[in-house]
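Here's the letter readout for the chains.
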Amino acid sequence: MTDLVLYDTAARRKRAFVPIDENRVTMYVCGPTVYAPAHVGNFRPEVVFDVLFRLLRHVYGEDKVLFSRNFTDVDDKINAAAAQEGVGINVITERFTRIYHQDAAALNVLPKTFEPTATGAMADIIAFIERLIADGFAYAAEGHVLFSVAASETYGAFSRRSLDDMLAGARVEVAPYKKDPADFVLWKPSKPGDPAWDSPFGPGRPGWHIECSAMIETSLGETIDIHGGGIDLVFPHHENEIAQSTCAHHGAPLANYWLHNGFLSMEDEKMSKSEGNVVTVHAMLDQGVRGEAIRYGLLSGQYRAPLDWTAALIERAQKSLDRLYGVLRRLKSVDAADVAPPAGVMTALADDLNTPKALAALFEIAGRANKAETVDAQAQAKGELLAAGQLLGLFKSNPDAWFGLDSVSDEECAQIDRLLTERAEARKAKDFARADAIRDELTAKGVQAEDGPEGTTWRMKG
Ligand code: AMP
Ligand code: ZN
């Protein structure tokens, strides 16, 4: 296949991807904090890195790629939600983890190899901190443990920030127990009433950055191939993960490729839970938006570019999928050829996951499918569409089900298809009276027809 090239934030350029071990390709992505249903922005990394996972599995083999994505289940916002309901934090985190899994499944996201949690990794986190203290990279003071940035020679190199920028950017607290204001928390006492874990440094809870360093080491090892997350995490989160892990591992790099997705905004406003400017995936699914349409919408922009989430974007995604599913429905009786994903799709994805280009390539295949005059050519086009869909996580639905036709009998479907063909012929012959009569007959049956470049698709009005 074409060589895979990925934009590496650490190098600030695209680099050819070469894994440490072709038989064990590893990737980690920073996951959501589970205190509320995830908004569609949270699902951008989930869907984008799922495409990368699928691509790597295709190249190296399904069982050769290990993907670890955590759930952050220790957090002030979780504590606040639990206190408000008068329940333990596990009630909150289990509820929103369950919802996250449902949403991910609706968006055709493959299950991860590992899904570590901070609470599940507490012993590893504590042991990691102990090693940093023993090696002189961290110190305990007044119930806190702090990472000493002065002990790390390369601190700031990844995010390319000066110490002044870093202090301003992280809004760091100047606290009496800190040797240097840039030192960051590995462990801290819990606020009264909040959950606390026993540790050699006193009861408390870990800092957010150390959780990821420990979970990466435990689930995947010291140096991994790919580390991903949203662009907001470059500093301080990833800078700090790198400092902790590199120091604990005697200079071994944490990851060889750093990938960051651009932000999703809502009609041009930055989308985040705390800004109250939020569309949750769960609410969209409840309102009848198809999971696959949300996925298509998220893939309609290249992952590093900002993406503005608008009603028009979702509508376009839905219409595009209707056209493609329409083609698959027309080829229902054709057995798909068992073919490799088409070159146009592979080349686009291999170039730093150019998903808009890959999606455009689907329409070239769809056009070919419509013009195909032999069953072989139809089988080839259908096979290519399905193989591409496998890589992109699309076309998981049965085409009839996509158009809501599960409960419509085969005879009735055939009759409606016949009427639509007849209407098209009447129009062509300029017999508008006949065309209108057929349209009225279809409307009476509850058929909603949509004309597109690949022909007419239809569904039953819900
Ligand atoms: P959080 O739950 O905020 O910790 O975020 C979980 C993941 O989603 C992280 O990788 C974030 O960088 C990413 N993320 C959060 N908000 C957005 C957004 N609006 N657009 C794109 N990615 C986001
Ligand atoms: Zn992380």
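Being a predicted model, the structure only gives us computed values, none of them experimental.

**Structural notes on the overall build of the protein**
Part 1: For the protein, the count of helices and strands is 16 helices and 15 strands.
Part 2: Dimensions along the principal axes, computed over C-alpha positions, put the protein at roughly 85 × 50 × 35 Å.
Part 3: A separation of at least 24 residues holds for 78% of the contacts in the protein among residues at least 6 apart in sequence.
Part 4: Total accessible area computed for the protein in this model is approximately 20300 Å², and 50% of it derives from carbon and sulfur atoms.
Part 5: For the protein, the distance from the average position of its 49 positive side-chain charges to the average position of its 66 negative side-chain charges is 5 Å.

**Points about the packing of aromatic side chains**
Part 1: Summed over all chains, the structure comprises 11 aromatic pairs.
Part 2: Their ring planes at 20° and their centres at 5.0 Å tell us that phenylalanine 147 and phenylalanine 184 sit as a pair that is stacked. Of this pair, phenylalanine 147 sits in strand S6 (residues 144–147) while phenylalanine 184 is found in strand S7 (residues 184–188), placing the two residues 37 residues apart along the sequence. The burial state of phenylalanine 147 is the same as that of phenylalanine 184; both residues are buried.
Part 3: On the basis of an interplanar angle of 90° and a centroid distance of 5.6 Å, the ring pair of tyrosine 325 and phenylalanine 395 is categorised as edge-to-face. In this pair, tyrosine 325 sits in helix H10 (residues 311–330) while phenylalanine 395 sits in the loop between helix H13 (375–392) and helix H14 (399–402), placing the two residues 70 residues apart along the sequence.
Part 4: A residue is classified by how much of its surface remains accessible, and phenylalanine 395, at 8% relative accessible area, is buried.
Part 5: Taken together, Phe17, Tyr60 and Tyr257 form an aromatic cluster joined through their ring pairs.

**Re the pairing of S6**
Part 1: Burial along S6 is two-sided: the residues His144 and Leu146 and Val145 and Phe147 are all buried.
Part 2: Where strand S5 (residues 138–141) lies against S6, 4 bridges are found, and the strand directions are antiparallel. Looking at the pairing, tyrosine 139 lines up with leucine 146 of S6.
Part 3: Bridge count for S6 against S7 is 3 bridges, and the pairing is antiparallel. When the bridges of S7 are listed, valine 145 appears paired with tryptophan 187.

**Side note on the coordination of the zinc ion (ligand 2)**
Part 1: Only Cys30 (SG), Cys212 (SG), His237 (NE2) and Glu241 (OE) from the protein reach the zinc ion (ligand 2) as donors, at distances of 2.0 to 2.2 Å.
Part 2: Every donor counted, the 4 donor atoms about the zinc ion (ligand 2) form angles of 80 to 127° at the centre, which fits irregular coordination.
Part 3: All donors of the zinc ion (ligand 2) belong to a single chain; written as a sequence motif, their spacing is C-x181-C-x24-H-x3-E. Here glutamate 241 and histidine 237 lie together in helix H7 (residues 234–248), a separation of 4 residues that amounts to about one turn. Side by side, histidine 237 and glutamate 241 carry an identical accessibility label, which is buried.

**So, the layout of surface pockets**
Part 1: Its boundaries defined by the atoms lining it, the second largest pocket holds a volume of some 580 Å³.
Part 2: Forming the walls of the second largest pocket are 22 residues, and the residues nearest its centre are Arg330, Asp417, Leu420, Thr421 and Thr456.
Part 3: Counting residues per element, the ones that place at least two in the lining of the second largest pocket are H10, helix H15 (410–428) and strand S15 (455–460).
Part 4: Ranked by the residues each element gives to the lining of the second largest pocket, the list is headed by H15, at 11 residues.
Part 5: Residues belonging to the lining of the second largest pocket are distributed by class as follows: 6 nonpolar, 6 polar and 10 charged.

**Quick word on the pattern of salt bridges**
Part 1: Summed over all chains, the structure comprises 26 salt bridges.
Part 2: With a closest N to O distance of 2.8 Å, arginine 15 and aspartate 8 form a salt bridge.
Part 3: Accessibility expressed as a relative area gives 22% for arginine 15, which makes it partly exposed.
Part 4: Taking the shortest distance from any N to any O, the salt bridge between arginine 329 and aspartate 400 comes out at 2.9 Å. With a gap of 71 residues between them, arginine 329 in helix H10 and aspartate 400 in helix H14 connect regions that are remote in the sequence. In this structure, arginine 329 and aspartate 400 share a single accessibility class: buried.
Part 5: One salt-bridge network, in which partners are shared between bridges, spans Glu46, Arg69, Lys112 and Glu115.

**Concerning the nonpolar core**
Part 1: By size, the foremost hydrophobic cluster in this structure holds 140 residues, and its most contacted members are Leu56, Leu132, Leu298, Trp309 and Leu362.
Part 2: Of the residues forming this core, the biggest block, 10 residues, is contributed by helix H1 (residues 43–60).
Part 3: Other than its neighbours up to four places away in sequence, leucine 132 contacts Phe137, Ala138, Phe147, Leu186, Ile210, Gln244, Cys247 and Ala248.
Part 4: Grouped together as the second largest cluster of nonpolar side chains are 5 residues, Tyr139, Ala141, Leu146 and Tyr177 included.

**Description of the environment of arginine 439**
Part 1: Here arginine 439 is to be found in helix H16 (residues 432–445).
Part 2: Taking the C-alpha atoms as reference, arginine 439 lies 8.7 Å from leucine 419; in sequence the two are 20 residues apart.

**Concerning the sheet that holds strand S3 (residues 25–29)**
Part 1: Taken in spatial order, the 4 strands make up an open sheet running S4-S3-S9-S10, and their pairing is parallel. Looking at strand neighbours, the two that pair on one side only are strand S4 (65–69) and strand S10 (255–261), the edges of this open sheet. On average, each strand axis in the sheet is inclined to that of its neighbour by 20°, with strand direction left out of account.
Part 2: Judged from the 6 bridges that link them, strand S9 (residues 224–230) and S10 form a sheet pairing that is parallel. Among the inter-strand pairings, histidine 227 is bridged to a residue of S10, identified as tryptophan 258.
Part 3: Where helix H6 (residues 208–219) meets the sheet, its contacts fall on S3, S4 and S9, and the angle it forms with S3 comes to roughly 155°.

**Some words on the domain arrangement of the protein**
Part 1: Assigned domains of the protein: these are domain 1 (5–261), domain 2 (266–402) and domain 3 (410–460).
Part 2: Computed over C-alpha atoms only, the centres of domain 1 and domain 2 are separated by 31 Å.
Part 3: Between domain 1 and domain 2, the residue contacts involve 33 residues of the former and 38 residues of the latter.
Part 4: Of the roughly 3100 Å² buried where domain 1 meets domain 2, counting both sides, 64% is carbon and sulfur surface.
Part 5: Its largest share of buried area at the contact with domain 2, domain 1 owes to His39, Val40 and Arg44, together 22% of the area lost on that side.

Here is what the cut-offs are and how they apply
- Residues numbered from 1 in each chain as written.
- Chains lettered and ligands numbered in written order.
- Predicted model: local features only at pLDDT ≥ 70, side-chain atom pairs only at ≥ 80, totals over all residues.
- Heavy atoms only, no water.
- Helix = DSSP H or I, 4+ residues; strand = E, 2+ residues; numbered from the N terminus.
- Contact = heavy atoms within 4.5 Å.
- Areas by Shrake-Rupley, 256 points an atom, 1.4 Å probe, with all protein chains shown as cover.
- Lys, Arg positive; Asp, Glu negative; His and termini not counted.
- Charge placed at Lys NZ, Arg CZ, Asp CG, Glu CD.
- Phe/Tyr/Trp six-rings, centres within 6.5 Å; stacked < 30°, edge-to-face > 60°.
- Buried < 20%, exposed > 50% of the residue type's maximum accessible area, 1.4 Å probe, protein only.
- Pairing = 2+ DSSP bridges.
- Donors = N, O, S within 2.8 Å, 3.2 Å for Na, K, Ca; no water.
- Tetrahedral: all angles 85-135°; square planar, octahedral: opposite > 155°, others 65-115°.
- 1 Å grid on protein atoms, 1.4 Å probe; cavity = no way out; pocket = protein on both sides within 12 Å on 5 of 7 lines; lining within 4 Å.
- Points joined across faces, edges and corners; volume = space filled by probe spheres on them.
- Nonpolar A, V, L, I, M, F, W, Y, C, P; charged D, E, K, R; others polar.
- Salt bridge = Lys/Arg side-chain N within 4 Å of Asp/Glu carboxyl O.
- Core = buried A, V, L, I, M, F, W, Y, C linked by side-chain atoms within 4.5 Å.
- Axes fitted to C-alpha atoms, helices over the stretch in contact; angles between N-to-C directions.
- Domains from an automatic or database assignment.
- Buried area = accessible area lost by both parts, 1.4 Å probe.

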